[in-house]
Amino acid sequence: MRQNSKYQVRLPIVLCLGLAAGVFVGATLNTGTGASEVNKDVQKIREILTQIKEEYVDTVNTTALVDQTIQDILHKLDPHSSYIPASERAAANEDLRGNFDGIGVEFNIFDDTIVVLTPLSGGPSEALGVQSGDKIIAVDGKSVAGVGITNAGVMKALKGPRGTEVNIRVLRGEKEIDYTIIRDKIPQHSVDVSYMVDDETGYIKVNRFSATTYDEFQQGLNSLREKGMKKLVLDLQGNPGGYMNMAIQMADEFLPSGKKIVSQKGKERRYNAEAFATGKGEFENGDLIVLVNEGSASASEILAGALQDNDRALIVGRRSFGKGLVQSPFDLSDGSELRLTISRYYTPSGRSIQKPYQDGDEYARDIISRYNHGEFFHADSIKVNDSLEFLTLNGRTVYGGGGIMPDYFVPLDTNLNSHYLNELYLSTALQEYTFNYAEQNKAALEGRDFATFFSKFEVTDGMLNDLMETGERNNVKRDYQELKDKKKLFQTHVKAQIARKIWGNEGYYPVFNETNEVFQQAVKLFDRIPELKRTEM
């Protein structure tokens, strides 16, 4: 096992913060010769702000004015350079830290009441005995039930710095219980699940690349190998990116020493870098399929591109998002942060993943345009730039110009989408119904193993009718025809949510993946892996 996967790079490489950014480590503001050249422009802005402050007819918040001006300036550069006010900085980086400070519960709001779905393992709420199904009715003596509280309101009330105290009152059945909870670090998992699909095939779902992703991934990979895994499906669908070095370390587990993973190039030479695989990876020889779609971006594209260009994995799904710009964070004097694009990154074959962004409005509408153009449904609708042809290690043709093109295209299945089902989710009716069903039938469900549940449990017509009734109480009008036409889809989602309540993600994903059209096709394509080793002539 490689500890810390010490990949070779010419300088500390980057973080890729989702669809919005990719960030260099340890940057500082440049006050060299370039700074003197903008002094005249800065003076002009200073004069304008002074006149507004002193002479304008109404009182103006110049701080807010400056913040908005900065946003407008950056918007003129590219879609991913950004400005983060000091007040928003901690929240902006929270997902990538791999943890947050809080009381450690997963919750939802049902019927205007905060309901604990589950106390998080190892968190302070679990240690004190807070239970699934508890209704939080007061926080620090203030009622939070029946007052129209939102998810944001719950987070504001319950989250806070580590070591601080919060008092909650819960309703359990007809009994009220008070807890004094000391907030602590709560881990956020970026690897949703790892499980065996069959005796030889493993599945790992990565939802983002945070500070803990590589360790989580390696733990899942080793667990699957111990169970006899010889083939792996790595699911990056909908993964918006995150820390670039996590993607590099993961790629290193699949590639032999010396293979290029990614490079980046900027106007300044100090921003140029290359990363190569080192040592022996944990899964360099097993068959590998990577799933991507239009929501896979940034670090996801780095990983998928590295494996595709080195002919190491079959890429299955739809064209990825197309985010290939690298941002560097610069600390500003008031505690705010500037994330400025300083380079582009390239796959091993030399492809730039970044899609065109000269037309900002078109860039923002790109995913909708792809849908309307038919790209989600037909591979030949994808716009390919023949002037941007590149060759993989073994001579296969791949294309630059925006995103990673899959080796095997899987169209979007409209039968797996439902407006009625979406409304049941958005209103939390589906979550509420399945939570209550699992609570009421907990003994019977826990009395069987998951394999039995997976193969034998059926969602009945009566259960679907109860779901519709729950929807009506949440202001979702019944749609009998939609449910009839897509009954299997509704049954699968109800079953998956019940499984999540009892077995967590290890129960949810095997059921949910029955509606994952890209996954369903991928597991049939392992016989295509040998094609990666053939050189085109």
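Within every chain, residues take consecutive numbers counted from 1 along the sequence as written. Confidence filtering applies because this is a predicted model: local features only for residues at pLDDT of at least 70, side-chain atom pairs given and counted only at 80 or more, and all residues used for totals across whole chains, interfaces and linings. In computing side-chain values, all of the structure's heavy atoms are included and hydrogens and water are not.

**Details of the overall build of the protein chain**
Here's step 1: Only DSSP runs of H or I covering at least 4 residues are called helices, and only runs of E covering at least 2 are called strands; the numbering of each starts at the N terminus. Looking only at helices and strands, one finds 20 helices and 24 strands in the protein chain.
Here's step 2: Type-normalised accessible area, obtained with a 1.4 Å probe on protein chains alone, sets the label of each residue: buried when under 20%, exposed when over 50%, and partly exposed for intermediate values. Here the protein chain, with 537 residues, has 49% of them falling under the buried criterion.
Here's step 3: Residue pairs in contact within the protein chain that sit at least 24 positions apart in sequence constitute 70% of those at least 6 positions apart.
Here's step 4: Accessible areas in this description were obtained via Shrake-Rupley with a 1.4 Å probe; residue shielding takes into account the shown protein chains only. About 26,300 Å² of surface is accessible on the protein chain, with carbon and sulfur atoms providing 49% of the total. Contacts were defined at the residue level, with two residues in contact if any of their heavy atoms lie within 4.5 Å.

**Regarding the pattern of salt bridges**
Here's step 1: For salt bridges, the criterion is a side-chain nitrogen of Lys or Arg within 4 Å of an Asp or Glu carboxyl oxygen. Taken as a whole, this structure holds 25 salt bridges when the rule is applied.
Here's step 2: A salt bridge links D178 to R169, with the nearest nitrogen and oxygen atoms 2.7 Å apart.
Here's step 3: As a salt-bridge pair, R396 and D311 come within 2.6 Å of each other at their nearest N and O atoms. Separated by 85 residues along the polypeptide, R396 in the loop between β22 (389-391) and β23 (397-399) and D311 in the loop between α9 (299-309) and β19 (314-317) bring together distant segments of the chain. Accessibility assignment for this pair places R396 and D311 in one class, buried.

**Here we look at the packing of helix α2 (residues 39-55) against helix α3 (residues 62-77)**
Here's step 1: For every element, the axis is a line fit to its C-alpha atoms; helices are fit only across the contacting stretch, and the angle between N-to-C directions ranges from 0 to 180 degrees. Contact geometry of α2 with α3 gives a least axis separation of 11 Å together with a crossing angle of 145°. Where α2 crosses over α3, the handedness of that crossing is right-handed. Contacts from L49, I52 and K53 of α2 reach α3 at T62, L65 and V66.
Here's step 2: Three residue categories are used. Nonpolar comprises Ala, Val, Leu, Ile, Met, Phe, Trp, Tyr, Cys and Pro, charged comprises Asp, Glu, Lys and Arg, and polar comprises the others, including Gly. For the contact of α2 with α3, the per-class residue count stands at 4 nonpolar, 1 polar and 1 charged. By definition, turning the near helix anticlockwise from the far helix through less than a right angle yields a left-handed crossing, and turning it clockwise yields a right-handed one.

**Things to note about the nonpolar core**
Here's step 1: Throughout, nonpolar core names a set of buried Ala, Val, Leu, Ile, Met, Phe, Trp, Tyr and Cys residues whose side chains join them through atoms within 4.5 Å. Among the nonpolar cores identified, the biggest contains 47 residues, and I204, L232, L234, V290 and L303 are the most heavily contacted of them.
Here's step 2: A per-element tally of this core places helix α8 (residues 244-254) first, with 7 residues.
Here's step 3: Apart from the residues lying within four places of it in its own chain, the contact partners of I204 are V191, V193, S194, F217, G220, L221, L224, L232, V233, L234 and D235.
Here's step 4: Counting 45 residues, the second largest nonpolar core, distinct from the first, contains L314, V410, A438 and V459.

**Structural notes on the confidence of the model for the protein chain**
Here's step 1: You can read pLDDT as the predictor saying how much it trusts each residue, on a scale of 0 to 100. Chain-level statistics for the protein chain give a pLDDT mean of 86 and a share of 89% at 70 or above.
Here's step 2: Confidence drops under pLDDT 50 across residues 1-15; counting only partners more than four residues distant or on other chains, this segment forms 62 contacts.
Here's step 3: Counting contacts from residues 17-31, a segment whose pLDDT is below 50, to residues more than four positions away or on other chains yields 61 contacts.

**Quick word on the pairing of strand β18 (residues 287-292)**
Here's step 1: With 5 of its 6 residues buried, β18 lies for the most part within the structure.
Here's step 2: Note that strand β15 (residues 231-235) and β18 share 5 bridges and pair parallel. Paired with D235 across the bridge in β18 is L291.
Here's step 3: Two strands make a pair as long as DSSP finds a minimum of two bridges between them. Here 4 bridges tie β18 to β19, and the two strands are oriented parallel to one another. The residue of β19 that forms the bridge with V290 is I315.
Here's step 4: By convention, orient the strands away from the viewer: a clockwise path from the first strand over the helix to the second makes the crossover right-handed. With α9 bridging β18 and its parallel neighbour β19, the resulting β-α-β unit is right-handed.

**Concerning the packing of aromatic side chains**
What describes a pair of aromatic rings is the distance from one ring centre to the other and the angle between the planes of the rings.
Here's step 1: Planes of paired rings set the category: under 30 degrees apart is stacked, over 60 is edge-to-face and the rest tilted, where pairs are Phe, Tyr or Trp rings (Trp by its six-membered ring) whose centres lie within 6.5 Å. Scanning the model with the defined rule gives 16 aromatic pairs in all.
Here's step 2: Residues F453 and F457 carry aromatic rings whose centres are separated by 4.7 Å and whose planes lie at 25° to one another, so their mutual orientation is stacked. Exposure class is identical for F453 and F457. Each is buried.
Here's step 3: Measuring from centroid to centroid gives 5.0 Å for F453 and W503, while their planes differ by 50°, and the two rings are tilted. Of this pair, F453 sits in helix α15 (residues 450-456) while W503 sits in helix α18 (residues 487-503), placing them 50 residues apart in sequence.

**Things to note about the environment of L332**
Here's step 1: Within the element layout of this structure, L332 appears in the loop between β20 (325-331) and β21 (337-346).
Here's step 2: Each C-alpha atom, one on L332 and one on A86, is 9.0 Å from the other, the two residues being 246 residues apart in sequence.

**Quick notes on the packing of α8 against α9**
Here's step 1: Between α8 and α9, the shortest axis-to-axis distance is 9 Å and the interhelical angle comes to 25°. Here α8 lies roughly parallel to α9, going by the angle between them. As α8 runs across α9, the sense of the crossing is right-handed. Two secondary-structure elements touch here, α8 through M244, A247, M250, A251 and F254 and α9 through A299, I302, L303 and L307. Comment on the angle field: the value is read as roughly parallel under 35 degrees, roughly antiparallel over 145, roughly perpendicular from 65 to 115, and oblique elsewhere.

**Comments concerning the environment of E282**
Here's step 1: Summarising the element assignment, E282 is placed in the loop between β17 (273-276) and β18.
Here's step 2: On the basis of relative accessible area, E282 is assigned to the buried category, the value being 11%.
Here's step 3: Along the backbone, E282 and N222 are 60 residues apart, and their C-alpha atoms lie at a distance of 7.8 Å.

**Considerations on unusual backbone geometry**
Here's step 1: Located in the positive-phi region is D140, a residue other than glycine, with phi close to 50°.
Here's step 2: Inspection of the secondary structure assignment puts D140 in the loop between β8 (135-139) and β9 (142-143).
Here's step 3: Despite not being glycine, N475 shows a phi value in the positive range, around 65°.
Here's step 4: Note on placement: N475 falls in the loop between α16 (461-473) and α17 (480-485).

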